[in-house]
Every structure is written in C-alpha cells, then in structure tokens.
Amino acid sequence: MATYTKTGDTGTTSLVGGTRVKKYDIRVQAYGELDSLVSLMGYIGTLLKVDDYKNSFIVIQRKLFICESIVACEKEDLLDKMGAILDSDIRFLERKIDAMEEELPKLRAFIIPSSSQTACLLHLARTICRKCERLCVEVNDKYGLNPNVLCYLNRLSDYFFVLARKVMQDKHRTEKFWEA
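Everything in this summary refers to the structure shown in the same document. (Residues numbered from 1 in each chain as written. Predicted model: local features only at pLDDT ≥ 70, side-chain atom pairs only at ≥ 80, totals over all residues. Heavy atoms only, no water.)

In this section: the overall build of the chain. Along the chain, the regular secondary structure elements total six helices and four strands. Its helices and strands in sequence order give the chain the pattern β-β-α-α-α-α-β-α-α-β, from N to C terminus. C-alpha extents for the chain along the principal axes are approximately 50 × 35 × 35 Å. At a minimum sequence separation of 6, the contacts of the chain that also span at least 24 residues come to 73%. Here the chain displays about 10,100 Å² of accessible surface, and carbon together with sulfur accounts for 53% of that area. Both charge centroids of the chain, one from 27 positive and one from 25 negative side chains, sit 5 Å from each other. (Helix = DSSP H or I, 4+ residues; strand = E, 2+ residues; numbered from the N terminus. Contact = heavy atoms within 4.5 Å. Areas by Shrake-Rupley, 256 points an atom, 1.4 Å probe, with all protein chains shown as cover. Lys, Arg positive; Asp, Glu negative; His and termini not counted. Charge placed at Lys NZ, Arg CZ, Asp CG, Glu CD.)

Summed over all chains, the structure comprises 12 salt bridges. Salt-bridge contacts for K131 lead to E33; the nearest nitrogen and oxygen are separated by 3.5 Å. Of this pair, K131 sits in helix α5 (residues 117-143) while E33 sits in helix α1 (residues 26-47), placing them 98 residues apart in sequence. Exposure remark for K131: the relative accessible area of 36% places this residue in the partly exposed category. We note a salt bridge from R130 to E133, for which the minimum N-O separation is 3.0 Å. Placement of the pair is R130 and E133 together in helix α5, with a separation of three residues, close to one helical turn. (Salt bridge = Lys/Arg side-chain N within 4 Å of Asp/Glu carboxyl O. Buried < 20%, exposed > 50% of the residue type's maximum accessible area, 1.4 Å probe, protein only.)

L37, L64, L156, Y159 and F160 are the most contacted members of the largest nonpolar core, which totals 55 residues. Looking at this core, the elements that each hand over two or more residues are α1, α2 (51-72), α4 (87-102), α5 and α6 (147-170). Other than its neighbours up to four places away in sequence, Y159 contacts Y53, S56, F57, I60, L93, K96, I97 and M100. (Core = buried A, V, L, I, M, F, W, Y, C linked by side-chain atoms within 4.5 Å.)

Despite not being glycine, S115 shows a phi value in the positive range, around 70°. Of note in the backbone geometry, H172 takes a positive phi value of approximately 60° without being a glycine. Looking at where H172 falls in the secondary structure, it is placed in the loop between α6 and β4 (176-177). Residue classification places H172 among the exposed residues on the basis of a relative accessible area of 74%.

A separate point is the environment of M82. Considering the arrangement of structural elements, one finds M82 in the loop between α3 (76-79) and α4. Assessed through its relative accessible area of 16%, M82 is described here as buried. Measuring from C-alpha to C-alpha, the distance between M82 and R95 comes to 25 Å, with 13 residues separating the pair along the chain. For M82, the residues in contact, after removing those within four places along its chain, are V16, I66, S69, I70 and C73.

Next up on the list: the packing of α5 against α6. The geometry of α5 relative to α6 is characterised by a closest axis approach of 8 Å and an angle of 170° between their N-to-C directions. Considering the angle they form, α5 stands roughly antiparallel to α6. Looking at side-chain class alone, the contact of α5 with α6 contains 16 nonpolar, five polar and four charged residues. (Axes fitted to C-alpha atoms, helices over the stretch in contact; angles between N-to-C directions. Parallel < 35°, antiparallel > 145°, perpendicular 65-115°, else oblique. Nonpolar A, V, L, I, M, F, W, Y, C, P; charged D, E, K, R; others polar.)

On the surface, a cluster of positive charge is contributed by K49, K54, K171 and R173. For K171, the location among the structural elements is in the loop between α6 and β4. (Patch = residues over 30% accessible without salt bridge, like charges linked within 9 Å, V, L, I, M, F, W, Y side chains within 5 Å.)

This part covers α5. With 27 residues, α5 should cover 39 Å at 1.5 Å per step; its first-to-last C-alpha distance of 38 Å lies within 8% of that length. Phi turns positive one or two residues past the end of α5, at G144, with a value near 85°. (Expected span 1.5 Å × (residues − 1).)

There is a patch of nonpolar side chains on the surface, built from F110, I112 and W178 and spanning about 350 Å² of accessible area. Mapped onto the elements, W178 comes out in the segment after β4.

See the structure below:
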C-alpha cells in the first residue's frame, strides 16, 4: 500500500465508513488533535524515567487511538469494531491519579510550568488534551459520542497535571506558583 493516495489533494478525507468530508470537519479536527496528543506522548515517554509511567503511557496511547477511531466513525454498526473506552479505563486513570496525589503536597495556587523539560511537556500534553476534549464535546453535540470518551479525556488531562507534579517531586524540583 502506498503512503500517498492522492485522494486528499482537494481538501477532503474519508471517515471510517467511507464518507468524504472536508479536512476542516469537526471530526477530522478532533481526531487530528488526538493524534497530536498521541505523538507528544511518544516524545514524553522517551523522557520518563519511571517504568510505571512509561507503561501507563503505552496503555493510554492505545486508548487514544480507540478515541480517534470512535470520533472518525460515522456508522453505528462499525463502532463495535473500533474498540471502546470502558469505565475500567477511566478507573485506571483515577487509580494512577490517586496514588500520585497521596505522595504530593496539597496544591496551594496555580502552577507555572517550569524547571523540568518533562514536567513542562506534561503540562503541554494537558493543554492539548483539553483542546481534544473541547473538540470532542462539539463532535458529541453534532453527531453523538459514547460519553466515556469525554470522561476519559477529562480524566486524562487531570492525569497529565498530577504526573507533571509527580515528576517535579521525583526530580526534587521546586514547583513555581502564580500569585496575584
């Protein structure tokens, strides 16, 4: 199979199911941002020193590919083949967040990302995840999505935030806080 198909040369692409849509379609924007997040996670994963974090990243990247497929799928009968985001996937993130938060000091102000390349990239992943979530909310409003996709993305941004804090702690770096 050739890498290039030339079918997108006029500004359209196919959804899962075959319908051609403009490349600015909200579904294309949403799964494109999810793909950006998966790629950023790949880079961050090369910087992580703790195996548990690295292993979690692989699990999460696979789940994000499922999210992409769900967003790109236009036909109900094809959704079963896409995989699903389950309640257990959301609980996985919650368990990871809870375990890290037990070891972190209470948050007293907004954090200014700084002092660690890895932590700063995790904050960037958090903001991209929030953008993915906003786009998926729009997809949901227009076309409908399994609510677990939105919940998963919401929890994932929390996971990135807490992991950024945990990385700072692991590296013995002092968090910088915004104060008015």
